[in-house]
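Chain by chain, the residues:
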Amino acid sequence: MVQENPLFRAYPKLSSIPWISVLNPPTPVHKMEELTRILDIGEIWVKRDDLTHETYGGNKLRKYEFVFADILKKNKKRILTQGSIGTNHGLATTIHAKRFGLKTHLFLLEQEPSPNVLENLLCHHHFGAKLSLLKNNFHRKLAVKVNLFFDRKAYSVVIGASSPLGTLGFVNAAFELKEQIDKKLMPEPDKIFITVGSLATCAGLVLGLELAQLKSQVIGIGVTDPSWSSKEATLDLATKALEIMRSKDLSIPDVSKKLSKRLIVDHAYFGGLYGKSTEEALEAIELAKEDGLKLEYVYTGKTLSGLIDYSRKSKISKNEVVLYWNTKSSADLSYYTKKTNYQDLPIKFHKFFEKVK
Ligand SMILES: Cc1ncc(COP(=O)(O)O)c(C=O)c1O
(Lines give C-alpha, C1' and ligand atoms only; values in the text may rest on other atoms or scores of the structure.)
Protein backbone atom coordinates (compact mmCIF):
# COMPACT_ATOMS: atom_id res chain seq x y z
CA MET A 1 0.00 0.00 0.00
CA VAL A 2 1.32 3.45 -0.89
CA GLN A 3 1.58 5.45 2.33
CA GLU A 4 0.05 8.89 2.41
CA ASN A 5 2.83 10.94 3.91
CA PRO A 6 6.63 10.83 4.24
CA LEU A 7 6.50 9.78 7.91
CA PHE A 8 4.23 6.81 7.22
CA ARG A 9 6.41 5.89 4.22
CA ALA A 10 9.39 5.72 6.58
CA TYR A 11 7.47 3.88 9.32
CA PRO A 12 4.36 2.14 7.87
CA LYS A 13 3.23 0.97 11.31
CA LEU A 14 2.59 4.60 12.27
CA SER A 15 -0.25 4.74 9.78
CA SER A 16 -2.53 3.53 12.59
CA ILE A 17 -2.19 7.06 14.05
CA PRO A 18 -5.12 9.16 12.79
CA TRP A 19 -3.99 11.57 10.08
CA ILE A 20 -5.81 13.70 7.54
CA SER A 21 -4.43 15.67 4.60
CA VAL A 22 -4.65 19.42 5.29
CA LEU A 23 -1.84 21.01 3.27
CA ASN A 24 -0.43 20.81 -0.24
CA PRO A 25 2.90 19.00 0.18
CA PRO A 26 5.74 19.10 -0.41
CA THR A 27 6.30 22.80 0.17
CA PRO A 28 8.91 24.13 -2.29
CA VAL A 29 12.58 24.59 -1.47
CA HIS A 30 14.73 27.08 -3.33
CA LYS A 31 17.99 28.91 -3.01
CA MET A 32 17.94 32.47 -1.68
CA GLU A 33 20.30 33.75 -4.33
CA GLU A 34 20.36 37.38 -3.20
CA LEU A 35 20.85 36.69 0.50
CA THR A 36 23.58 34.16 -0.30
CA ARG A 37 25.34 36.83 -2.36
CA ILE A 38 24.87 39.60 0.21
CA LEU A 39 26.06 37.55 3.19
CA ASP A 40 28.71 35.78 1.14
CA ILE A 41 28.29 32.39 2.78
CA GLY A 42 28.02 28.94 1.17
CA GLU A 43 24.38 28.60 0.20
CA ILE A 44 21.18 29.80 1.83
CA TRP A 45 17.99 27.92 1.01
CA VAL A 46 14.42 28.42 2.11
CA LYS A 47 11.67 25.91 2.90
CA ARG A 48 8.44 27.60 1.85
CA ASP A 49 5.99 26.59 4.57
CA ASP A 50 4.42 29.98 3.94
CA LEU A 51 2.86 28.13 0.98
CA THR A 52 1.31 25.14 2.78
CA HIS A 53 -2.12 26.26 1.56
CA GLU A 54 -3.39 28.89 -0.88
CA THR A 55 -6.08 30.36 1.42
CA TYR A 56 -3.93 30.46 4.54
CA GLY A 57 -0.68 28.55 4.98
CA GLY A 58 2.12 28.49 7.53
CA ASN A 59 3.41 25.93 9.99
CA LYS A 60 0.18 25.21 11.90
CA LEU A 61 -1.31 23.15 9.08
CA ARG A 62 1.32 20.47 9.54
CA LYS A 63 0.33 20.01 13.18
CA TYR A 64 -3.34 19.96 12.26
CA GLU A 65 -2.91 16.96 9.97
CA PHE A 66 -2.65 14.94 13.18
CA VAL A 67 -4.76 17.11 15.49
CA PHE A 68 -7.82 17.43 13.20
CA ALA A 69 -7.70 13.69 12.61
CA ASP A 70 -7.83 13.13 16.37
CA ILE A 71 -10.75 15.57 16.73
CA LEU A 72 -12.70 13.90 13.93
CA LYS A 73 -12.00 10.43 15.28
CA LYS A 74 -13.38 11.51 18.66
CA ASN A 75 -16.46 12.86 16.89
CA LYS A 76 -16.02 16.36 18.34
CA LYS A 77 -17.60 19.30 16.57
CA ARG A 78 -16.14 22.44 18.12
CA ILE A 79 -12.55 23.51 18.71
CA LEU A 80 -11.72 25.70 21.68
CA THR A 81 -8.31 27.29 21.42
CA GLN A 82 -6.31 30.22 22.75
CA GLY A 83 -4.02 32.99 21.61
CA SER A 84 -3.71 36.74 21.40
CA ILE A 85 -6.11 38.76 19.24
CA GLY A 86 -3.89 38.45 16.16
CA THR A 87 -3.08 34.78 16.61
CA ASN A 88 -1.90 33.03 13.44
CA HIS A 89 -2.69 29.75 15.11
CA GLY A 90 -6.27 30.85 15.75
CA LEU A 91 -6.68 31.93 12.15
CA ALA A 92 -5.23 28.70 10.76
CA THR A 93 -7.56 26.79 13.08
CA THR A 94 -10.65 28.78 12.07
CA ILE A 95 -10.05 28.58 8.32
CA HIS A 96 -9.04 24.95 8.08
CA ALA A 97 -11.37 23.54 10.77
CA LYS A 98 -14.21 24.86 8.66
CA ARG A 99 -13.11 22.66 5.75
CA PHE A 100 -13.76 19.64 7.97
CA GLY A 101 -17.11 20.86 9.29
CA LEU A 102 -15.66 21.96 12.65
CA LYS A 103 -16.46 25.26 14.36
CA THR A 104 -13.87 27.33 16.23
CA HIS A 105 -14.14 29.33 19.44
CA LEU A 106 -11.11 31.55 20.10
CA PHE A 107 -10.24 32.70 23.64
CA LEU A 108 -8.05 35.75 23.17
CA LEU A 109 -5.86 38.15 25.10
CA GLU A 110 -5.03 41.71 24.10
CA GLN A 111 -1.87 42.52 22.17
CA GLU A 112 -0.55 45.62 20.40
CA PRO A 113 -2.93 46.09 17.43
CA SER A 114 -0.43 46.20 14.54
CA PRO A 115 -1.88 46.10 10.99
CA ASN A 116 -1.06 42.38 10.81
CA VAL A 117 -2.84 41.71 14.09
CA LEU A 118 -5.95 43.60 12.97
CA GLU A 119 -5.96 41.80 9.64
CA ASN A 120 -6.01 38.45 11.43
CA LEU A 121 -8.67 39.61 13.88
CA LEU A 122 -10.98 40.64 11.02
CA CYS A 123 -10.36 37.28 9.37
CA HIS A 124 -11.17 35.34 12.56
CA HIS A 125 -14.59 36.92 12.32
CA HIS A 126 -14.89 36.61 8.55
CA PHE A 127 -14.22 32.87 8.64
CA GLY A 128 -16.76 32.33 11.39
CA ALA A 129 -14.84 31.99 14.67
CA LYS A 130 -16.66 32.77 17.88
CA LEU A 131 -14.52 35.33 19.72
CA SER A 132 -14.07 35.86 23.45
CA LEU A 133 -11.73 38.50 24.89
CA LEU A 134 -10.27 37.65 28.31
CA LYS A 135 -8.46 39.81 30.84
CA ASN A 136 -5.49 37.57 31.54
CA ASN A 137 -4.15 34.08 31.13
CA PHE A 138 -5.88 32.81 34.26
CA HIS A 139 -9.29 33.97 32.99
CA ARG A 140 -8.55 32.60 29.56
CA LYS A 141 -7.73 29.14 30.86
CA LEU A 142 -10.74 29.16 33.14
CA ALA A 143 -13.06 30.18 30.29
CA VAL A 144 -11.80 27.28 28.17
CA LYS A 145 -12.30 24.83 31.07
CA VAL A 146 -15.84 26.01 31.73
CA ASN A 147 -16.78 25.79 28.04
CA LEU A 148 -15.22 22.35 27.77
CA PHE A 149 -17.13 21.16 30.81
CA PHE A 150 -20.52 22.20 29.44
CA ASP A 151 -19.98 21.15 25.82
CA ARG A 152 -19.52 17.43 25.21
CA LYS A 153 -18.72 18.04 21.54
CA ALA A 154 -15.89 20.48 22.28
CA TYR A 155 -12.18 19.70 21.97
CA SER A 156 -9.55 21.95 23.48
CA VAL A 157 -6.46 22.52 21.32
CA VAL A 158 -3.43 23.81 23.22
CA ILE A 159 -1.80 27.12 22.17
CA GLY A 160 -0.13 26.75 18.80
CA ALA A 161 -1.47 23.16 18.52
CA SER A 162 1.81 22.26 20.20
CA SER A 163 0.71 18.96 21.69
CA PRO A 164 2.81 15.80 21.29
CA LEU A 165 0.39 14.79 18.53
CA GLY A 166 0.78 18.17 16.76
CA THR A 167 4.55 17.75 17.03
CA LEU A 168 4.31 14.72 14.73
CA GLY A 169 3.42 17.17 11.95
CA PHE A 170 6.96 18.50 12.02
CA VAL A 171 8.51 15.06 12.36
CA ASN A 172 6.68 14.42 9.11
CA ALA A 173 8.08 17.71 7.73
CA ALA A 174 11.63 16.52 8.38
CA PHE A 175 10.92 13.35 6.41
CA GLU A 176 9.43 15.51 3.64
CA LEU A 177 12.69 17.45 3.55
CA LYS A 178 14.64 14.18 3.45
CA GLU A 179 12.66 13.09 0.38
CA GLN A 180 13.45 16.43 -1.29
CA ILE A 181 17.15 16.00 -0.52
CA ASP A 182 17.06 12.41 -1.81
CA LYS A 183 15.51 13.73 -5.03
CA LYS A 184 18.37 16.25 -5.23
CA LEU A 185 16.01 19.21 -5.04
CA MET A 186 18.38 20.75 -2.53
CA PRO A 187 21.67 19.86 -0.83
CA GLU A 188 21.60 18.50 2.73
CA PRO A 189 21.68 21.50 5.08
CA ASP A 190 24.41 21.90 7.70
CA LYS A 191 22.21 24.25 9.69
CA ILE A 192 18.48 24.97 9.80
CA PHE A 193 17.07 28.19 11.29
CA ILE A 194 13.50 27.94 12.55
CA THR A 195 11.23 29.90 14.90
CA VAL A 196 10.48 28.69 18.43
CA GLY A 197 7.19 29.92 19.91
CA SER A 198 4.92 27.28 21.39
CA LEU A 199 7.60 24.65 20.59
CA ALA A 200 6.10 21.89 18.39
CA THR A 201 7.58 23.17 15.14
CA CYS A 202 11.16 23.04 16.36
CA ALA A 203 10.61 19.97 18.56
CA GLY A 204 9.19 17.93 15.71
CA LEU A 205 11.87 19.08 13.32
CA VAL A 206 14.72 18.11 15.64
CA LEU A 207 13.21 14.69 16.28
CA GLY A 208 12.46 14.11 12.61
CA LEU A 209 15.97 15.07 11.50
CA GLU A 210 17.48 12.67 14.02
CA LEU A 211 15.24 9.79 12.91
CA ALA A 212 15.76 10.60 9.23
CA GLN A 213 19.52 10.62 9.92
CA LEU A 214 20.12 14.03 8.40
CA LYS A 215 23.16 15.87 9.66
CA SER A 216 21.52 19.28 10.08
CA GLN A 217 21.96 21.19 13.30
CA VAL A 218 18.88 23.20 14.31
CA ILE A 219 19.11 26.79 15.48
CA GLY A 220 15.76 27.61 17.01
CA ILE A 221 15.23 31.34 17.37
CA GLY A 222 13.08 32.01 20.42
CA VAL A 223 10.37 34.64 19.90
CA THR A 224 8.50 34.15 23.16
CA ASP A 225 9.69 34.50 26.74
CA PRO A 226 12.79 32.30 27.31
CA SER A 227 11.15 30.70 30.34
CA TRP A 228 8.49 29.35 28.00
CA SER A 229 10.35 28.57 24.78
CA SER A 230 13.35 26.92 26.40
CA LYS A 231 15.54 24.21 24.96
CA GLU A 232 14.51 21.86 27.81
CA ALA A 233 10.80 22.31 27.10
CA THR A 234 11.42 21.79 23.37
CA LEU A 235 13.29 18.54 24.00
CA ASP A 236 10.65 17.41 26.45
CA LEU A 237 7.95 17.85 23.81
CA ALA A 238 10.08 16.02 21.23
CA THR A 239 10.45 13.12 23.67
CA LYS A 240 6.69 12.94 24.20
CA ALA A 241 6.14 12.82 20.43
CA LEU A 242 8.71 10.03 20.20
CA GLU A 243 6.82 8.11 22.88
CA ILE A 244 3.68 8.20 20.73
CA MET A 245 5.67 6.89 17.78
CA ARG A 246 7.32 4.12 19.78
CA SER A 247 3.98 3.06 21.23
CA LYS A 248 3.01 2.16 17.65
CA ASP A 249 6.34 0.87 16.42
CA LEU A 250 8.97 -0.29 18.88
CA SER A 251 11.55 -0.67 16.11
CA ILE A 252 11.81 3.15 16.09
CA PRO A 253 15.00 3.89 18.02
CA ASP A 254 14.84 5.75 21.30
CA VAL A 255 16.83 8.79 20.18
CA SER A 256 15.63 11.06 22.99
CA LYS A 257 19.09 11.38 24.55
CA LYS A 258 20.68 12.28 21.20
CA LEU A 259 18.50 15.28 20.44
CA SER A 260 20.16 17.82 22.71
CA LYS A 261 23.41 18.05 20.76
CA ARG A 262 21.66 18.90 17.51
CA LEU A 263 19.69 21.81 18.97
CA ILE A 264 20.52 25.38 19.95
CA VAL A 265 17.69 27.59 21.18
CA ASP A 266 18.74 31.21 20.98
CA HIS A 267 16.74 34.14 22.40
CA ALA A 268 19.24 36.84 21.42
CA TYR A 269 16.86 38.08 18.69
CA PHE A 270 13.69 38.09 20.80
CA GLY A 271 13.88 41.80 21.62
CA GLY A 272 12.59 41.38 25.16
CA LEU A 273 8.91 41.17 24.36
CA TYR A 274 6.71 38.86 22.31
CA GLY A 275 5.38 40.72 19.30
CA LYS A 276 7.73 43.69 19.58
CA SER A 277 9.69 44.52 16.46
CA THR A 278 13.45 44.85 16.44
CA GLU A 279 15.64 46.85 14.08
CA GLU A 280 17.35 43.64 13.02
CA ALA A 281 14.05 41.94 12.19
CA LEU A 282 13.03 44.92 10.07
CA GLU A 283 16.33 44.73 8.20
CA ALA A 284 15.80 40.99 7.66
CA ILE A 285 12.31 41.61 6.27
CA GLU A 286 13.76 44.08 3.74
CA LEU A 287 16.55 41.72 2.70
CA ALA A 288 14.14 38.79 2.31
CA LYS A 289 12.11 40.79 -0.21
CA GLU A 290 15.08 40.50 -2.59
CA ASP A 291 14.39 36.76 -2.75
CA GLY A 292 10.63 37.19 -3.06
CA LEU A 293 9.76 36.43 0.58
CA LYS A 294 7.12 38.24 2.59
CA LEU A 295 8.13 38.10 6.26
CA GLU A 296 6.86 39.82 9.40
CA TYR A 297 8.60 40.88 12.60
CA VAL A 298 6.84 38.75 15.25
CA TYR A 299 8.22 35.39 14.07
CA THR A 300 9.86 35.04 10.71
CA GLY A 301 11.73 38.36 10.57
CA LYS A 302 13.34 37.72 13.96
CA THR A 303 14.36 34.24 12.85
CA LEU A 304 15.97 35.48 9.67
CA SER A 305 17.71 38.22 11.67
CA GLY A 306 19.29 35.41 13.70
CA LEU A 307 20.57 33.73 10.56
CA ILE A 308 21.99 37.03 9.29
CA ASP A 309 23.71 37.75 12.59
CA TYR A 310 25.19 34.24 12.79
CA SER A 311 26.67 34.73 9.35
CA ARG A 312 28.05 38.20 10.20
CA LYS A 313 29.62 36.82 13.36
CA SER A 314 31.12 33.91 11.37
CA LYS A 315 29.08 31.36 13.30
CA ILE A 316 28.27 29.94 9.89
CA SER A 317 31.31 28.89 7.92
CA LYS A 318 31.88 29.96 4.33
CA ASN A 319 31.09 26.60 2.72
CA GLU A 320 28.03 25.68 4.76
CA VAL A 321 24.53 25.04 3.42
CA VAL A 322 21.92 26.82 5.53
CA LEU A 323 18.18 26.33 5.38
CA TYR A 324 15.81 29.05 6.54
CA TRP A 325 12.37 27.57 7.36
CA ASN A 326 9.68 30.13 6.58
CA THR A 327 6.74 29.37 8.86
CA LYS A 328 4.34 32.30 8.30
CA SER A 329 1.59 32.19 5.71
CA SER A 330 2.21 34.61 2.85
CA ALA A 331 -1.34 34.34 1.51
CA ASP A 332 -2.96 37.68 0.72
CA LEU A 333 -5.89 38.20 3.10
CA SER A 334 -6.95 41.61 1.78
CA TYR A 335 -9.85 40.14 -0.18
CA TYR A 336 -11.43 38.98 3.11
CA THR A 337 -10.54 42.00 5.22
CA LYS A 338 -12.08 44.36 2.66
CA LYS A 339 -15.33 42.46 2.97
CA THR A 340 -15.35 42.62 6.80
CA ASN A 341 -16.46 45.56 8.92
CA TYR A 342 -14.94 45.63 12.38
CA GLN A 343 -18.26 46.81 13.81
CA ASP A 344 -19.67 43.37 13.07
CA LEU A 345 -17.24 41.86 15.60
CA PRO A 346 -18.30 41.57 19.27
CA ILE A 347 -18.23 45.06 20.78
CA LYS A 348 -15.27 44.33 23.10
CA PHE A 349 -13.01 44.13 20.04
CA HIS A 350 -13.93 47.49 18.48
CA LYS A 351 -11.43 49.44 20.56
CA PHE A 352 -8.48 47.81 18.78
CA PHE A 353 -9.62 49.28 15.47
CA GLU A 354 -10.57 52.63 16.97
CA LYS A 355 -7.15 53.00 18.65
CA VAL A 356 -5.31 53.09 15.32
CA LYS A 357 -7.71 55.44 13.52
C1 LIG B 1 4.24 32.29 11.87
C2 LIG B 1 4.76 31.46 12.98
N3 LIG B 1 5.97 30.92 12.88
C4 LIG B 1 6.49 30.17 13.86
C5 LIG B 1 5.79 29.94 15.03
C6 LIG B 1 6.42 29.11 16.06
O7 LIG B 1 5.97 27.78 15.97
P8 LIG B 1 5.67 26.99 17.29
O9 LIG B 1 4.56 27.70 17.97
O10 LIG B 1 5.33 25.63 16.88
O11 LIG B 1 6.93 27.05 18.12
C12 LIG B 1 4.49 30.49 15.17
C13 LIG B 1 3.69 30.32 16.39
O14 LIG B 1 4.11 30.43 17.51
C15 LIG B 1 3.97 31.26 14.12
O16 LIG B 1 2.74 31.81 14.19
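Bear in mind that the values here come from a model prediction, so they are computed numbers and not experimental data.

Novice: Which parts of the structure should I look at to understand the pairing of strand β10 (residues 321-326)?
Specialist: Within a regular strand, the side chains alternate between the two sheet faces. Across the 6 residues of β10, 6 count as buried, placing the element largely inside the fold. Side chains of β10 alternate between two faces, with Val321, Leu323 and Trp325 and Val322, Tyr324 and Asn326 buried alike. Of the strand pairs in this sheet, strand β2 (residues 43-48) and β10 are connected by 6 bridges, and their pairing is parallel. Paired with tryptophan 45 across the two strands is leucine 323, which belongs to β10. The pairing of strand β7 (residues 191-196) with β10 spans 3 bridges and is parallel. In the sheet register, lysine 191 faces β10, and the bridge partner there is valine 322.

Novice: What am I meant to see in the sheet that holds strand β6 (residues 154-157) here?
Specialist: Across a sheet, paired strands are connected by hydrogen bonds in the backbone, their directions being either parallel or antiparallel. One open sheet accounts for 4 strands, arranged β5-β4-β3-β6; its pairing is parallel. Edge positions in the open sheet fall to β5 (130-133) and β6, since each of these has one partner strand only. Each adjacent strand pair in this sheet contributes to an overall mean axis angle of 25°, direction not counted. Across the sheet, helix α3 (residues 60-73) lies against β3 (78-84) and β6, angled at about 155° from β6, the strand it touches most.

Novice: What am I meant to see in the nonpolar core here?
Specialist: Side chains of nonpolar character tend, in soluble globular proteins, to be buried together. One finds Leu7, Leu177, Leu207, Leu211, Met245 and Trp325 to be the most contacted residues of the largest nonpolar core, which totals 48 residues. Among the elements of the structure, α1 (6-10), α7 (164-182), β7, α8 (200-211), α9 (231-248), β9 (263-266) and β10 are those that each provide at least two residues to this core. For this core, the element with the highest residue contribution is α7, accounting for 9 residues. Each residue touching leucine 211, except ones within four places of it in the same chain, is listed here: Tyr11, Val171, Phe175, Leu242, Met245, Ile252, Pro253 and Val255. One finds Leu35, Tyr269, Ala288 and Leu293 within the second-largest nonpolar core, a separate group that totals 23 residues.

Novice: Sorry, what's going on with a nonpolar patch on the surface here?
Specialist: On the surface, Phe138, Leu142, Val146, Phe149 and Phe150 cluster together into a nonpolar patch covering about 610 Å² of accessible area. One can find leucine 142 in helix α6 (residues 137-150).

Novice: What exactly am I supposed to notice about the domain arrangement of the protein chain here?
Specialist: Note on interface size: it is often stated as the accessible area lost on association of the parts. Each domain of the protein chain was delimited in the assignment, giving domain 1 (6-58 + 164-326) and domain 2 (60-162 + 333-355). Relative placement of domain 1 and domain 2: their C-alpha centres are 25 Å apart. Taken residue by residue, the interface counts 37 residues in domain 1 and 32 residues in domain 2. Counting the surface lost from both domain 1 and domain 2, the interface buries some 2700 Å², and carbon and sulfur atoms represent 64% of this. Taken as a group, Ile20, Val22 and Tyr56 account for 26% of the area that domain 1 buries against domain 2, more than any other trio of residues on that side. Across the contact surface, domain 1 and domain 2 share 2 salt bridges. Taken together, domain 1 and domain 2 are joined by 13 residue pairs in polar contact (both at pLDDT 80 or more). Considering every element that reaches the side of domain 1 that touches domain 2, the biggest residue donor is α7, with 9 residues. Grouping the constituent residues of the side of domain 1 that touches domain 2 by class yields 21 nonpolar, 12 polar and 4 charged.

Basis of the calculations
Residues numbered from 1 in each chain as written. Predicted model: local features only at pLDDT ≥ 70, side-chain atom pairs only at ≥ 80, totals over all residues. Heavy atoms only, no water. Buried < 20%, exposed > 50% of the residue type's maximum accessible area, 1.4 Å probe, protein only. Helix = DSSP H or I, 4+ residues; strand = E, 2+ residues; numbered from the N terminus. Pairing = 2+ DSSP bridges. Axes fitted to C-alpha atoms, helices over the stretch in contact; angles between N-to-C directions. Contact = heavy atoms within 4.5 Å. Core = buried A, V, L, I, M, F, W, Y, C linked by side-chain atoms within 4.5 Å. Patch = residues over 30% accessible without salt bridge, like charges linked within 9 Å, V, L, I, M, F, W, Y side chains within 5 Å. Areas by Shrake-Rupley, 256 points an atom, 1.4 Å probe, with all protein chains shown as cover. Salt bridge = Lys/Arg side-chain N within 4 Å of Asp/Glu carboxyl O. Domains from an automatic or database assignment. Buried area = accessible area lost by both parts, 1.4 Å probe. Polar contact = N/O pair within 3.5 Å; in protein donor to acceptor, adjacent residues only side chain to side chain. Nonpolar A, V, L, I, M, F, W, Y, C, P; charged D, E, K, R; others polar.

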